[in-house]
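# Commentary on secondary and tertiary structure
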Amino acid sequence: MVSSSGSKVLFICFVITTMTCFVAMATDNNPLQDFCVADANSPVLVNGLVCKDPKVVTENDFFTSGLNVAGDTSSSKVGSAVTTVNVARIPGLNTLGISLVRIDFAPWGINAPHTHPRATEILTVIKGTLRVGFVTSNPENRHITKVLNEGDVFVFPQGLVHYQQNIGYGNAVAIAGLNSQNPGVITIANAVFGANPDISADILAKAFQLNKNTVQELQARF
């Protein structure tokens with residue numbers, strides 16, 4: 001593993017008659033200019049977003065507001081609300097490999113188990129007390145968990161299933177940074193039981209060791 005200009009580059013080499021190396025990028029690509037403000041109106045499809053002409057870029061392309069406003073947890077079935085600040089909200093984040101979220105929790109609310117396929121997350125508690133955790137990959141599936149108070153910081157490694165729970169009787173707030181302009185999120189229950197079209201109930205029944213009727217009841221909720 002070699003670090004080059006802020007990106008992690010993995011070199012895999014093997015020998016046949018000569019040495020051959022393959023290079024794989026492990027994070028968002030590094031910018032090749034000062035900035036590449038996203039042009040949301042461009043019809044061109046690329047991995048990321050097309051750059052706006054730098055001559056028409058303004059300060060508002062690097063700005064957003066409202067993160068001081070609490071998310072509405074009352075309409076959430078799990079008692080949390082996530083306010084996302086990514087490239088869709090700040091076009092100037094394009095190619096910079098970073099984004100931010102605010103997470104609001106009702107009392108005993110959760111941010112349900114999920115993964116970010118393209119980012120590591122670092123979270124700090126602003127208000128309240130959270131129980132957080134993540135699960136390592138197969139076959140160990142080790143559950144690493146900790147209770148966080150105000151000012152505490154915790155890291156969730158990229159791609160691992162993780163969660164947060166407010167274990168206090170008042171509201172809680174956390175802020176998290178992610179090392180991708182578009183980290184993606186896969187909520188496990190929604191993805192498995194709310195897939196469109198449905199994953200076969202027979203498959204899920206065997207995977208979760210449930211009867212088929214229970215699986216169908218769960219699918220109906222998502």
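Preceding block: the structure.
These lines cover the structure that appears in this document, whether it is placed above or below.

Cut-offs applied
- Residues numbered from 1 in each chain as written.
- Predicted model: local features only at pLDDT ≥ 70, side-chain atom pairs only at ≥ 80, totals over all residues.
- Heavy atoms only, no water.
- Helix = DSSP H or I, 4+ residues; strand = E, 2+ residues; numbered from the N terminus.
- Buried < 20%, exposed > 50% of the residue type's maximum accessible area, 1.4 Å probe, protein only.
- Contact = heavy atoms within 4.5 Å.
- Phe/Tyr/Trp six-rings, centres within 6.5 Å; stacked < 30°, edge-to-face > 60°.
- Pairing = 2+ DSSP bridges.
- Axes fitted to C-alpha atoms, helices over the stretch in contact; angles between N-to-C directions.
- Disulfide = S-S within 2.5 Å.
- Core = buried A, V, L, I, M, F, W, Y, C linked by side-chain atoms within 4.5 Å.
- Salt bridge = Lys/Arg side-chain N within 4 Å of Asp/Glu carboxyl O.

### Quick look at the overall build of the protein
Per the secondary structure count, the protein includes three helices and 13 strands. Of all 222 residues assigned to the protein, the portion counted as buried reaches 32%. By sequence separation, contacts in the protein at least 24 residues apart represent 63% of the contacts at least 6 residues apart.

### Structural notes on the packing of aromatic side chains
Taken as a whole, this structure holds six aromatic pairs when the rule is applied. Where Phe 35 meets Phe 62, the ring centres are 5.4 Å apart and the plane angle is 75 degrees; that geometry is what we call edge-to-face. Highlighted residues: Phe 35 in the loop between strand 3 (19-25) and strand 4 (80-85) and Phe 62 in the loop between strand 3 and strand 4, separated in sequence by 27 residues. A residue is classified by how much of its surface remains accessible, and Phe 35, at 28% relative accessible area, is partly exposed. Ring pairs connect the aromatic residues Phe 134, Phe 154 and Phe 156, which therefore count as one cluster.

### Observations concerning the environment of Leu 93
Counting through the fold element by element, Leu 93 comes out in the loop between strand 4 and strand 5 (99-105). Residue Leu 93 is classed as buried on the basis of its relative accessible area, which comes to 12%. Residues Leu 93 and Ser 180 lie 87 residues apart in sequence; the distance between their C-alpha atoms is 9.2 Å. Ignoring sequence-local partners within four residues, the contact set of Leu 93 consists of Val 85, Asn 86, Val 87, Ile 98 and Gln 181.

### Here we look at the sheet that holds strand 10 (residues 153-156)
Read from one edge to the other, the open sheet built from five strands follows the order 4-5-12-7-10, with strand pairing classed as antiparallel. At either end of the open sheet lies a strand with only one pairing partner, and these are strand 4 and strand 10. The mean angle between the axes of side-by-side strands here comes to 20 degrees, regardless of whether they run parallel or antiparallel. As judged from the six bridges shared by strand 4 and strand 5, these two strands associate in the antiparallel manner. From the neighbouring strand, Thr 84 faces strand 5, where its bridge partner is Val 101.

### Some details on the state of the cysteines
A covalent bond between the sulfur atoms of two cysteines is referred to as a disulfide. Taken as a whole, this structure holds one disulfide when the rule is applied. Each sulfur of the disulfide joining Cys 36 and Cys 51 lies 1.8 Å from the other. In this structure the cystine formed by Cys 36 and Cys 51 twists about its S-S bond by roughly -100 degrees; its chirality is therefore left-handed. With Cys 36 in the loop between strand 3 and strand 4 and Cys 51 in the loop between strand 3 and strand 4, this residue pair connects regions lying 15 residues apart in the sequence. A relative accessible area of 3% places Cys 36 in the buried class. By relative accessible area, Cys 51 is classed as partly exposed at 36%.

### Observations regarding the nonpolar core
Within the largest apolar cluster, 17 residues are counted, with the highest numbers of intra-cluster contacts made by Phe 105, Leu 123, Leu 130, Val 132, Leu 148, Phe 154 and Phe 156. Sorting the residues of this core by element identifies strand 5, strand 7 (121-127), strand 8 (130-135), strand 10 and strand 12 (172-178) as the ones contributing at least two each. When residues in this core are grouped by element, the largest group, four residues, is from strand 12. Not counting the four nearest positions on each side in its chain, Leu 130 is found in contact with Phe 105, Leu 123, Val 125, Lys 146, Val 147, Leu 148, Gln 164, Gln 165, Asn 166, Ile 167, Ala 172 and Ala 174. Listed in part, the six residues of the second largest apolar core include Val 192, Ala 201, Leu 204 and Val 215.

### Thoughts on the pattern of salt bridges
In this structure the tally under the stated criterion is three salt bridges. Here Asp 61 and Lys 52 are joined by a salt bridge, their closest N and O atoms 3.1 Å apart. Overall, the relative accessible area of 23% leaves Lys 52 in the partly exposed class. Salt-bridge contacts for Lys 212 lead to Asp 202; the nearest nitrogen and oxygen are separated by 3.5 Å. A residue pair is termed long-range when its members are at least 10 positions apart, and Lys 212 in helix 3 (residues 212-221) and Asp 202 in helix 2 (residues 201-208) qualify at 10 residues. Relative accessible area serves as the criterion here: at 39%, Lys 212 is assigned to the partly exposed category.

### Comments concerning the environment of Gln 181
Of note, Gln 181 is situated in the loop between strand 12 and strand 13 (186-187). Note: C-alpha distance between Gln 181 and Gly 48 (133 residues apart in sequence) is 8.7 Å.

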